[in-house]
Amino acid sequence: MMNMVIRLVTILTILSASSFAKMNPGRLPTLLRPTHYTLRLQPFLSGNLSIHGEIDIRMRVVNSTREIILHLADIVTKNETVKVVSDSEGEVGVERQTYNASYQLYTAHLSRPLLANTTISFRMQFRGYLNDRLVGFYRSVYTDSKGVERVVAGTQFSPTDARRAFPCMDEPSFKAVFDVHLARPEEMIALSNMPLITSTPDVGQPGWVWDTFDTTLPMSTYLVGFLICDYAFVPSPALALNATLFKVWTRSEALDQATYAANVGPSMLAFLERYFDVRFPLPKLDMATLPDFKFGGMENWGLILYRETALLYDPVKSSASSKQKLGSVIAHEIAHQWFGNLVTPHWWSDLWLKEGFATFMGYVTLNHVEPSWGMLDHLLIDDVQRVMQGDALLSSHPISADVTHPDDISQMFDDISYRKGSSIIRMMQNFLTEATFRRGLKNYLEELKYKNAEQQDLWRHLTQAAKEDGRPVGGVGVGAVMEGWTLQKGYPVVTVVRNGTTATLTQEWFLLAGDRKNSEAGPGWWVPISYTSQSRPDFQHTHPQAWMTPDRQPLIITGLPDQSQWVIVNIQQTGFYRVTYDPVTWDHLVRQLRVNHSVIHPANRAQILNDALNLARAGVVEYRTALDTTTYLEEEESVVPWRSALKALWYLLDMTGRTPAYGPLRTYVRSMLVRLYDTVGFKDDPTDPHLTRYKRALAVNSACRLAHAPCLTQASQLFNAWLSAPQNDSVIPGNVLSPVLCAGVGEGGEGAWMGAWNHYTTSNIGAEKAVILKALGCSKDVWILARYLEMAFSTGSGVRKQDARRVFMSVAVNPVGRDLAWNYLQERWNHIFEYLGPGSSHLSAIVKAATANFNTRLELRELETFKANNINRLGSASRAVEQALESTRLNVEWMERHYQTVVDWLATQGYSTSIPLTAAAL
């Protein structure tokens, strides 16, 4: 009887594995769990570029099964080498082997069931390929100072590409330890997650060495990393940081550019150890560059890999903004060593648990290391206000959303996971207080280290910390409050209507469509309300003074000043929502900005500008009111409100770019900017404070783009001097390089373009090369831009695959190249799709770039046709196409509803679309 029960359980378990596969295509059943990988790889960096591999996976049998299912892609299996050995029953026969290409699943069908609670070993030899698609284990090429091409091999396994290097259970919840053995040419070095233990010459292959690395801690496959290269390293000045060895590796010719990273990296690591009160558990942390890299950086545990522009800094040729971006990426990747590596999301639906936290903690960390930069203020512009644009579309998605197919998983790596994730974490830190927030995070990390987590685990620890600290969160706990923000797309707009000394606050879903039906019937949120007033302005107290509830019941606030004074809700915009007011309060705010804007905190000035102009787009406030908020900008000196204002005003300039209103609008915006431009000046001084240089770059870039004559004149003079100067001469300071090159290439024809291209091919500075690539798209010759687009998607053209997106976007944002880029995308989509790969995040970026300024019904029809013609070949761009369609419809609506209103407002300010009679007479 007992044997029958065992057999019945076995049969049911086998059936459940089959049922699981049907219900969850692409997901692995949990009948087996890997515990230990032993991996041997020999990549041939020349010749046929093959990879010879062997894998031995130790697995624990959770429930009986007759199938071993692994992820595998772009690998040729040597089926005759497959061997399955049970610790308790010896070798288990393999009857057949099958492969599902759609979901990249390899299955070994066994001759008998594996018994539950036993351990097995799966062994296989295979052959892979060092591809050039920036995924898996791939090759990258650079040219050294002697003109010799050098090939290096590195990895990019996130999110689903470890399976391209070795057969594995390529899901984040299947954590295991790894023993990595890499063969390399004896003149090169190999790096991996852990320190090198031994190097042994291969007696059978002269000139080859096998490197063996220490066993890793339990980790997910996407965090495994290796690099085979001929690099040198810069040791950290603080070489031993809590026994952690820290090095920065790069090409020998670029070592001097690695100094900044080597200086700040250990400080960031030490700060995060103190912040979380959880030690970094590895004995070393290497950071290294790759000439070609898919992302800015990849957080492989103990071996962080970067694009050169994200790790290398030249104090003369790099701009203040590039230094700031570089610092942010380094801090982001180091923060991942805890959020993502130590504690890993159970599945990609909770990607924000690592990417949102790494983004937020990147700002916090860089703010500690570089306190004068004001990074927490930049978070407001770069994350909160930026992601609010896309999240106000019906085609947006919740932060936590279920995904299965690899292409869908890739689409989760977007602004919602990163920037909205960061924004709501910032909101959460403010309503919990930093002390409570940090204690909850420490407990979360300590309990779940080397394990996987879901968002409920985070809520549990933060709620407990809040209870212990006596900080009720809306009276319902962190989870109840926050799941409205993670499980629902979008965010609210809070309407403040005052009556005497009382204000009534209501919330509704904010949509750029201005869709009242959807807004009123849409979701509700727990909204933390903070506020201050004209009579007692206090912009430091960001902790909520009240909460709005998701049932959308009005909130009544009493004890305010009367309506002769302003109030401001959402202090420093710490809550992820917009605010609109009754007309009288809006008028008070406009008046205060004009009379003395410094009374209002810079973050709230940025909030007022951004909210007003976006609320006007949605028809929530009148455009006259929104545009009135910009009339004080001539007096504004803070970079944060200016960044906010320009972002919103560029939308208007883009919408009117092919209309008579563009000239008057450009003149108005330029008139507001001139004082800032004159204050910071065109001439850059590398010894100036970082914020001064950052502000200068913003002012000069904007002034030249707005055709400010003095800016264009100086840019032209510098560009001509740059063309005739020796290649390594720093004629143009890096801080103003972008506007100078764009202006020069735009006016200089083929000679200027070729001169800039020659500088690109010989430059050794990643940041400079990136700026040149962007500037080459500023040409006003259509044939040159057409050639440049072809180069972007051609192997051997001189444009790296990682930069194809940058080139395409530079052409698409050029008014001369806008139609060209769209036509190229339509006609060459199949080629682009194959060249970049269906899962490439670059696909969505170029779709967005090509369609960003669409605002006619003809363009809408063309976009609909493009979708219909390529419905099965959109890959990771499918969501971007849907968002482009919605944005285009909104832009068409904007032109019909708001264009004339903007024209009329400009006329009241003295900027008319009409030609003056005196000019007409001439």
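To start, this report covers the structure provided alongside it.

Calculation rules
- Residues numbered from 1 in each chain as written.
- Predicted model: local features only at pLDDT ≥ 70, side-chain atom pairs only at ≥ 80, totals over all residues.
- Heavy atoms only, no water.
- Helix = DSSP H or I, 4+ residues; strand = E, 2+ residues; numbered from the N terminus.
- Rg over C-alpha atoms; globule rule 2.2 N^0.38 Å.
- Buried < 20%, exposed > 50% of the residue type's maximum accessible area, 1.4 Å probe, protein only.
- Contact = heavy atoms within 4.5 Å.
- Areas by Shrake-Rupley, 256 points an atom, 1.4 Å probe, with all protein chains shown as cover.
- Lys, Arg positive; Asp, Glu negative; His and termini not counted.
- Charge placed at Lys NZ, Arg CZ, Asp CG, Glu CD.
- Pairing = 2+ DSSP bridges.
- Axes fitted to C-alpha atoms, helices over the stretch in contact; angles between N-to-C directions.
- Core = buried A, V, L, I, M, F, W, Y, C linked by side-chain atoms within 4.5 Å.
- Salt bridge = Lys/Arg side-chain N within 4 Å of Asp/Glu carboxyl O.
- Disulfide = S-S within 2.5 Å.

**A short note on the overall build of the chain**
Then, in step 1: Within the chain one finds 28 helices and 30 strands.
Then, in step 2: Computed over C-alpha atoms, the radius of gyration of the chain comes to 29 Å, within 12% of the 29 Å expected from 2.2 N^0.38 for 922 residues, which places it in the range of a compact globule.
Then, in step 3: Seen through its C-alpha atoms, the chain measures out along the principal axes to roughly 95 × 70 × 55 Å.
Then, in step 4: The burial tally for the chain puts 60% of its 922 residues in the buried class.
Then, in step 5: Sequence-distant contacts in the chain: of pairs separated by 6 or more residues, those separated by 24 or more amount to 72%.
Then, in step 6: Element-wise, carbon and sulfur atoms account for 52% of the exposed surface of the chain, whose accessible area totals about 34100 Å².
Then, in step 7: Of note, the chain has its 86 positive side-chain charges centred 1 Å away from the centre of its 90 negative side-chain charges.

**Overview of the sheet that holds strand S6 (residues 94-100)**
Then, in step 1: What the 3 strands build is an open sheet, ordered S3-S7-S6; its pairing is antiparallel. At either end of the open sheet lies a strand with only one pairing partner, and these are strand S3 (65-71) and S6. On average, each strand axis in the sheet is tilted by 20° relative to the strand beside it, whichever way the strands run.
Then, in step 2: Both S3 and strand S7 (residues 105-114) contribute to a ladder of 6 bridges, which runs antiparallel.

**Re the pairing of strand S11 (residues 177-185)**
Then, in step 1: Of all 9 residues that make up S11, 9 are buried, and the element is covered over most of its length.
Then, in step 2: Burial of S11 is two-sided: the residues Val-177, Asp-179, His-181, Ala-183 and Pro-185 facing one way and the residues Phe-178, Val-180, Leu-182 and Arg-184 facing the other way are all buried.
Then, in step 3: Pairing of strand S1 (residues 32-43) with S11 involves 6 bridges; the strand directions are parallel. Bridging from a neighbouring strand, Leu-41 pairs with Leu-182 of S11.

**Some remarks on helix H24 (residues 829-836)**
Then, in step 1: Looking only at H24, the buried set comprises Trp-829, Ile-832, Phe-833, Tyr-835 and Leu-836.
Then, in step 2: Along its buried surface, H24 packs onto helix H21 (782-792), helix H22 (804-812), helix H23 (818-827), helix H25 (841-851) and helix H26 (857-869).
Then, in step 3: Gly-837 occupies a position one or two residues after H24 and carries a positive phi of about 100°.

**Brief notes about the nonpolar core**
The tendency in soluble globular proteins is for nonpolar side chains to be buried side by side.
Then, in step 1: Ile-68, Phe-122, Phe-166, Trp-338, Met-428 and Phe-808 are the most contacted members of the largest nonpolar core, which has 300 residues in total.
Then, in step 2: Those residues in contact with Trp-338, other than ones at most four positions away along the chain, are Leu-269, Leu-272, Glu-273, Phe-276, Val-278, Arg-279, Phe-280, Val-343 and Leu-445.

**Quick word on unusual backbone geometry**
Glycine aside, the phi torsion of most residues is negative, and most peptide linkages are trans.
Then, in step 1: The omega angle of the peptide bond from Ser-158 to Pro-159 is 0°, so this bond is cis rather than trans.
Then, in step 2: With respect to the helices and strands, Pro-159 occurs in the loop between strand S10 (149-156) and S11.
Then, in step 3: Despite not being glycine, Asp-74 has its phi angle at roughly 55°, a positive value.
Then, in step 4: Positioned with a positive phi, Gln-572 is a non-glycine residue whose angle comes to about 55°.

**A short note on the pattern of salt bridges**
Then, in step 1: For the coordinates displayed, the defined rule picks out 51 salt bridges.
Then, in step 2: Among the ionic pairs, Lys-801 bridges to Asp-132, the shortest N-O distance being 3.8 Å. Of this pair, Lys-801 sits in the loop between H21 and H22 while Asp-132 sits in the loop between strand S8 (119-129) and strand S9 (136-143), placing them 669 residues apart in sequence.
Then, in step 3: As a salt-bridge pair, Arg-624 and Glu-622 come within 3.8 Å of each other at their nearest N and O atoms.
Then, in step 4: The class of Arg-624 is partly exposed, set by a relative accessible area of 39%.

**Notes on the sheet that holds S9**
Think of a sheet as strands paired side by side through backbone hydrogen bonds, with each pair either parallel or antiparallel.
Then, in step 1: What the 4 strands build is an open sheet, ordered S9-S10-S15-S12; its pairing is antiparallel. Sheet topology places S9 and strand S12 (189-192) at the edges, where each strand pairs with a single neighbour. When the angles between neighbouring strand axes are averaged without regard to direction, this sheet yields 15°.
Then, in step 2: The sheet contact formed by S9 and S10 spans 8 bridges and is antiparallel. Residue pairing for S10: Ser-140 is matched across the bridge by Val-152.

**Topic: the state of the cysteines**
Then, in step 1: In the structure shown here, the tally under the stated rule is 2 disulfides.
Then, in step 2: One disulfide bridge connects Cys-742 with Cys-778, the sulfur atoms lying 2.1 Å from each other. Residues Cys-742 and Cys-778 share a disulfide whose torsion about the S-S bond is about -100°; that sign makes it left-handed. Of this pair, Cys-742 sits in helix H19 (residues 737-762) while Cys-778 sits in the loop between helix H20 (766-775) and H21, and the two are 36 residues apart along the sequence.
Then, in step 3: Relative accessible area serves as the criterion here: at 16%, Cys-778 is assigned to the buried category.

It is worth stressing that arrangement in space is one thing and function is another; only the former is reported here.
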